[in-house]
Amino acid sequence: MSQPVVVAIDGPSGSGKSSVSREVARRLGLAYLDTGAMYRAATWWCLRSEIDLADTAAVAAAVRAMPLDQGVDPSVEKLEVDGADVRADIRETWISEKVSAVATNLDVRAELRRLQREAIAGQTVPDSFSEGRGIVAEGRDITTVVAPDADVRVLLTASEEARLARRARELHGAADAAAVDATRDQVLRRDRDDSTVVEFQVAADGVVTVDSSDLDLEQTVDAVLDVVARLTGARPRA
Ligand SMILES: Nc1ncnc2c1ncn2[C@@H]1O[C@H](COP(=O)(O)OP(=O)(O)OP(=O)(O)O)[C@@H](O)[C@H]1O
Ligand SMILES: Nc1ccn([C@H]2C[C@H](O)[C@@H](COP(=O)(O)O)O2)c(=O)n1
């Protein structure tokens, strides 16, 4: 059997991390880990438990006790907290507005980092979803903190304009001025808050930047697959 491949992808909001990482994992036959979904699930859990997000100790304790069940199959999204399917809830505005308060809690980051490393290591052994082929993990600090030794490390970027337009189209079905204005908080304010605890705008040493501003989704997936092939020899399965 060939060596496991770990691909780490970071980038700002709306750069395409989730869509691109999921598709890259699918084509390479790897597992997929959406670490942003973990922060969103943690936010859902704290709000549902009526914890004041400003009470950092209470939030951290709740996250340590969170009964999270997250799938790693790129073709079948699974995300449950305490048996509840939270896939739809965590994408809603009430979570997007609050998630940075949880993601900037350093004790929460330590706990989720532990779970993320466990999930990544779990995919390098034969008895796993990927049968030991490896994983694509994406977020904000995967290339730098969670998996700095990953075989492939990519910073996926896109201009502010492109990211706002993408999110506006996704949420409002159009990228006119009103729709773009309505997404600013979700994209720019969130990046500003999140970047107080983690660097995801500038590539660290050894991290390859893929700028998707002028690429469509398919071209971006191909660009990342090219980087993976160049650095590891791994290619899409027929
Ligand atoms: N290269 C691309 N060209 C055009 N649209 C894209 C491209 N990449 C992603 N998209 C679209 O942009 C939207 C945002 O992408 P996605 O959710 O993957 O970004 P993200 O970086 O994971 O964002 P966030 O961190 O906020 O969750 C989606 O609707 C996706 O289909
Ligand atoms: N490794 C990560 C992943 C995510 N976050 C934070 C930043 C976001 O505001 C939030 C949700 O992520 P998204 O689903 O939008 O990618 O989680 C982080 O700090 N570190």
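Note that the coordinates shown come from a computational prediction; the quantities given were computed from them, not determined experimentally. (Residues numbered from 1 in each chain as written. Chains lettered and ligands numbered in written order. Predicted model: local features only at pLDDT ≥ 70, side-chain atom pairs only at ≥ 80, totals over all residues. Heavy atoms only, no water.)

## With respect to the site of ligand 1
Link 1 in the chain: Ligand 1 sits among 17 residues. The nearest are Lys-17, Ser-18, Ser-19, Arg-167 and Glu-170.
Link 2 in the chain: Between Ser-15 and ligand 1, the recorded distance is 3.2 Å, taken from a backbone N or O atom to an oxygen atom.
Link 3 in the chain: One of the side-chain nitrogen or oxygen atoms of Ser-18 is found 2.7 Å away from an oxygen atom of ligand 1.
Link 4 in the chain: Coverage of ligand 1 by the protein amounts to 82% of the 630 Å² it exposes when considered alone.
Link 5 in the chain: Given that more than half its atoms are within 2 Å of the pocket grid, ligand 1 belongs to the largest pocket.
Link 6 in the chain: Those elements giving two or more residues to the shell around ligand 1 turn out to be helix H1 (17-28), helix H8 (160-172) and helix H10 (217-232).
Link 7 in the chain: The residue makeup of the shell around ligand 1, split by class, is three nonpolar, seven polar and seven charged. (Near = heavy atom within 4 Å. Polar contact = N/O pair within 3.5 Å; in protein donor to acceptor, adjacent residues only side chain to side chain. Areas by Shrake-Rupley, 256 points an atom, 1.4 Å probe, with all protein chains shown as cover. 1 Å grid on protein atoms, 1.4 Å probe; cavity = no way out; pocket = protein on both sides within 12 Å on 5 of 7 lines; lining within 4 Å. Sits in = over half its atoms within 2 Å of the grid points. Helix = DSSP H or I, 4+ residues; strand = E, 2+ residues; numbered from the N terminus. Nonpolar A, V, L, I, M, F, W, Y, C, P; charged D, E, K, R; others polar.)

## Concerning the sheet that holds strand E2 (residues 31-34)
Hydrogen bonds along the backbone pair up the strands of a sheet, which may run parallel or antiparallel.
Link 1 in the chain: Here we have five strands laid out as an open sheet, ordered E2-E6-E1-E7-E8, and parallel in their pairing. The sheet is open, and its two edges are formed by E2 and strand E8 (208-211), each paired on a single side. Going across the sheet, the axis of each strand differs from the next one's by a mean of 20 degrees, ignoring polarity.
Link 2 in the chain: In this structure, E2 lies alongside strand E6 (residues 134-139), joined through four bridges in parallel fashion. Looking across to E6, one finds that Asp-34 is bridged to Glu-138.
Link 3 in the chain: In the packing of helix H2 (residues 35-48) onto the sheet, contacts are made with E2 and E6, and the angle to E2 comes to roughly 45 degrees. (Pairing = 2+ DSSP bridges. Axes fitted to C-alpha atoms, helices over the stretch in contact; angles between N-to-C directions. Contact = heavy atoms within 4.5 Å.)

## Re the site of ligand 2
Link 1 in the chain: Around ligand 2, a shell composed of 15 residues is seen, among which Arg-40, Arg-109, Asp-141, Arg-190 and Asp-194 lie nearest.
Link 2 in the chain: Here Thr-35 contributes a side-chain N or O atom positioned 3.0 Å from a nitrogen atom of ligand 2.
Link 3 in the chain: With respect to ligand 2, the side chain of Arg-190 contributes an N or O atom lying 2.9 Å from an oxygen atom.
Link 4 in the chain: The protein chains hide 97% of the 450 Å² of surface that ligand 2 would expose on its own.
Link 5 in the chain: A molecule is said to occupy a pocket when more than half its atoms come within 2 Å of that pocket's grid points, and by this definition ligand 2 occupies the largest pocket.
Link 6 in the chain: Looking at the shell around ligand 2, the elements with two or more residues in it are H2, helix H5 (99-103) and helix H9 (177-194).

## Some remarks on the UniProt feature "domain: Cytidylate kinase" (unreviewed entry) in the protein
Link 1 in the chain: As annotated in UniProt, the feature "domain: Cytidylate kinase" (unreviewed entry) corresponds to residues 7-228 in the numbering used here.
Link 2 in the chain: For the annotated span residues 7-228, helix accounts for 50% and strand for 14% of the residues, and the straight-line distance between the end C-alpha atoms is 8 Å. (UniProt positions renumbered as here; feature names shortened; annotations may be inferred.)

## A look at the UniProt feature "binding site: ATP" (unreviewed entry) in the protein
Link 1 in the chain: Per the UniProt record, the feature "binding site: ATP" (unreviewed entry) sits at Gly-11, Pro-12, Ser-13, Gly-14, Ser-15, Gly-16, Lys-17, Ser-18 and Ser-19. Restricting the annotated residues to those that line the largest pocket leaves Ser-13, Gly-14, Ser-15, Gly-16, Lys-17, Ser-18 and Ser-19.
Link 2 in the chain: By secondary structure assignment, the location of Gly-14 is in the loop between strand E1 (5-10) and H1.
Link 3 in the chain: Contacts of Gly-14, omitting those with residues within four sequence positions, involve Arg-163, Arg-166 and Arg-167.
Link 4 in the chain: Not counting residues within four places of it along the chain, the set of residues in contact with Lys-17 comprises Ile-9, Asp-10, Gly-11, Pro-12, Glu-138, Gly-139, Arg-140 and Leu-156.
Link 5 in the chain: At a separation of 3.1 Å, a polar atom in the side chain of Lys-17 contacts the main-chain carbonyl oxygen of Gly-11.

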